[in-house]
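# Observations on the three-dimensional arrangement
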Amino acid sequence: MKETESALQTIELLKQYKSAKTKAKKDSILKKIDKTDEYVSLLLEQNIAPEELITKITKAISLDKYRPKNLPFILFAMDKDLDYINGDFDTFDQKLNHMVKNKENPEKIREEFKTGITNIYMLAKQFSADWMRRLSNHKDLVDTARKVEKENLVDAKKHWVNNKKTAKNYRETRIIVAYNKLFNALTKDFCNDHDCIIDTKLVKDWTTSDKKPYDLSVSGFQSRSYSLKIPKSTPEAKIKKIKEDFIKNYENHPNSRKESSIRINFRDFAYNNKPENLFYVLMSVFAHEMHHALDFQQPRQGALGPQIEQIDEKIYVTRQQNQRAYYASATEISSYIIQQELLNQLKKTRF
């Protein structure tokens, strides 16, 4: 259930709670509210009037486009600055903001991220449901990938170990081609949903990949870039000036657009997972990397929100540089939770 739908349901329950005549009836409705939004039931128990909650939640629904998705809906509704919100950055984690300004230890800032992404588990369920829907829309490509995988992966490990290059490449290539058709279709749907630009490929390994990660120990990665988009009607003299300005400040240039490239190492997964689990693992890792791209290109639509995404990017380190700091990164925490949720859903439904 989407959070706005849940909020509307909560409003109806609050109206029932407000008009209930007996304690038994109120307690019964309170249990329903607790299932819909436990924060709301806690506020009622703290003697916050139901009419106040109804007013604030209604207001929050009208301002939902400005809510960082990492912020639970009811906390947004109860924000002391709710009446003044009219833009993306009107809702901040003030403590986190001060920590960055004071240049506190990145380790302490990463610890503070945990309080800023409390909504991740609910969002992971929503994102996972979206991926299941997209996969269902491309069942033909899913079936083809799984069929080709089953036909060609059985002896692939043996051929690889024995270094029989011709057989190995033939078997791997068929699987990779099938998966890339599925990845491309899913990427197109994802980008239509979120207005982003992503190029995705399953590659044999890093030695043959057109793009390589800084840390060759990873099995998948997302690289970020900026490109220049100039309207066709722009005069030639102005194009030169735009390009010069873009080079000087490409991140903030008005004609700049963000792009992502995602590469996933087939061999890392094919030779370290049971064949029957390969589809589940590849799809969940694919989603993991896609949500890194979403955090970069459209942070409001991801699990982090603009503030945390920008801070996280400034202090981000690779797993090779510092494994502990890497796993404490906000974008890694959220992507791993989404990855695990989708993996569980795929196995549960035996997709």
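Residues numbered from 1 in each chain as written. Predicted model: local features only at pLDDT ≥ 70, side-chain atom pairs only at ≥ 80, totals over all residues. Heavy atoms only, no water.

## With respect to the layout of surface pockets
Empty space among the atoms becomes apparent when a probe as large as a water molecule is rolled across them. What counts, and what does not: Here the term cavity refers to a set of points on a 1 Å grid, laid over the protein atoms alone, in which a 1.4 Å probe fits but cannot get out; the term pocket refers to an open set having protein on both sides within 12 Å along at least five of seven lines, with lining residues being those that place an atom within 4 Å of a point. Grid points are joined across faces, edges and corners, and a volume is the space filled by probe spheres set on the points. A helix here means a DSSP run of H or I that spans at least four residues, while a strand means a run of E at least two residues long, and both kinds are numbered starting from the N terminus. In this classification, the charged set is Asp, Glu, Lys and Arg, the nonpolar set is Ala, Val, Leu, Ile, Met, Phe, Trp, Tyr, Cys and Pro, and all remaining amino acids, among them Gly, are polar.
In this structure, the largest pocket spans a volume of roughly 900 Å³. In this structure, the largest pocket is lined by 34 residues; those nearest its centre are F221, Q222, E289, Y316 and E332. For the lining of the largest pocket, the secondary structure elements donating two or more residues are β2 (220–228), α14 (278–297), α15 (306–315) and α17 (330–349). When residues in the lining of the largest pocket are grouped by element, the largest group, seven residues, is from α14. In terms of residue class, the lining of the largest pocket is made up of 13 nonpolar, 10 polar and 11 charged.

## With respect to the nonpolar core
Short version of the rule: Throughout this description, the term nonpolar core refers to a set of buried Ala, Val, Leu, Ile, Met, Phe, Trp, Tyr and Cys residues connected via side-chain atoms within 4.5 Å. The cut-offs for exposure are 20% and 50% of the maximum accessible area for each residue type, with area from a 1.4 Å probe on protein chains only; residues under the lower value are buried, those over the upper are exposed, and the others partly exposed.
Within the largest apolar cluster, 47 residues are counted, with the highest numbers of intra-cluster contacts made by L135, Y179, I264, F279, M283 and L346. At the level of secondary structure, the elements contributing two or more residues to this core comprise α8 (120–137), α9 (139–153), α11 (165–194), β1 (198–203), β3 (256–265), α13 (266–270), α14 and α17. If one sorts the elements of this core by residue count, α14 sits on top with 12 residues. Counting 24 residues, the second-largest nonpolar core is a separate cluster that includes L13, L30, V40 and I57.

## Brief notes about the packing of helix α3 (residues 38–45) against helix α4 (residues 50–62)
Quick note on the threshold: Fitted lines through C-alpha atoms serve as axes, helices being fitted only where they are in contact, and the angles separating the N-to-C directions of these axes extend from 0 to 180 degrees. Handedness of a crossing follows from how the near helix is turned relative to the far one, being left-handed for an anticlockwise turn of less than a right angle and right-handed for a clockwise one. We call two residues contacting when some pair of their heavy atoms lies within 4.5 Å.
Packing of α3 against α4 leaves a shortest axis separation of 10 Å and a crossing angle of 145°. Crossing of α3 over α4 shows right-handed handedness. For the pair α3 and α4, the contacting residues are V40, L43 and L44 in the first and P50, L53 and I57 in the second. For the contact of α3 with α4, the residue count by class is six nonpolar, no polar and no charged.

## Quick word on the environment of A330
Relative to the helices and strands, A330 resides in helix α17. Classification of A330 by relative accessible area gives buried; the value is 0%. The sequence separation of A330 and L228 amounts to 102 residues, and the corresponding C-alpha distance is 28 Å.

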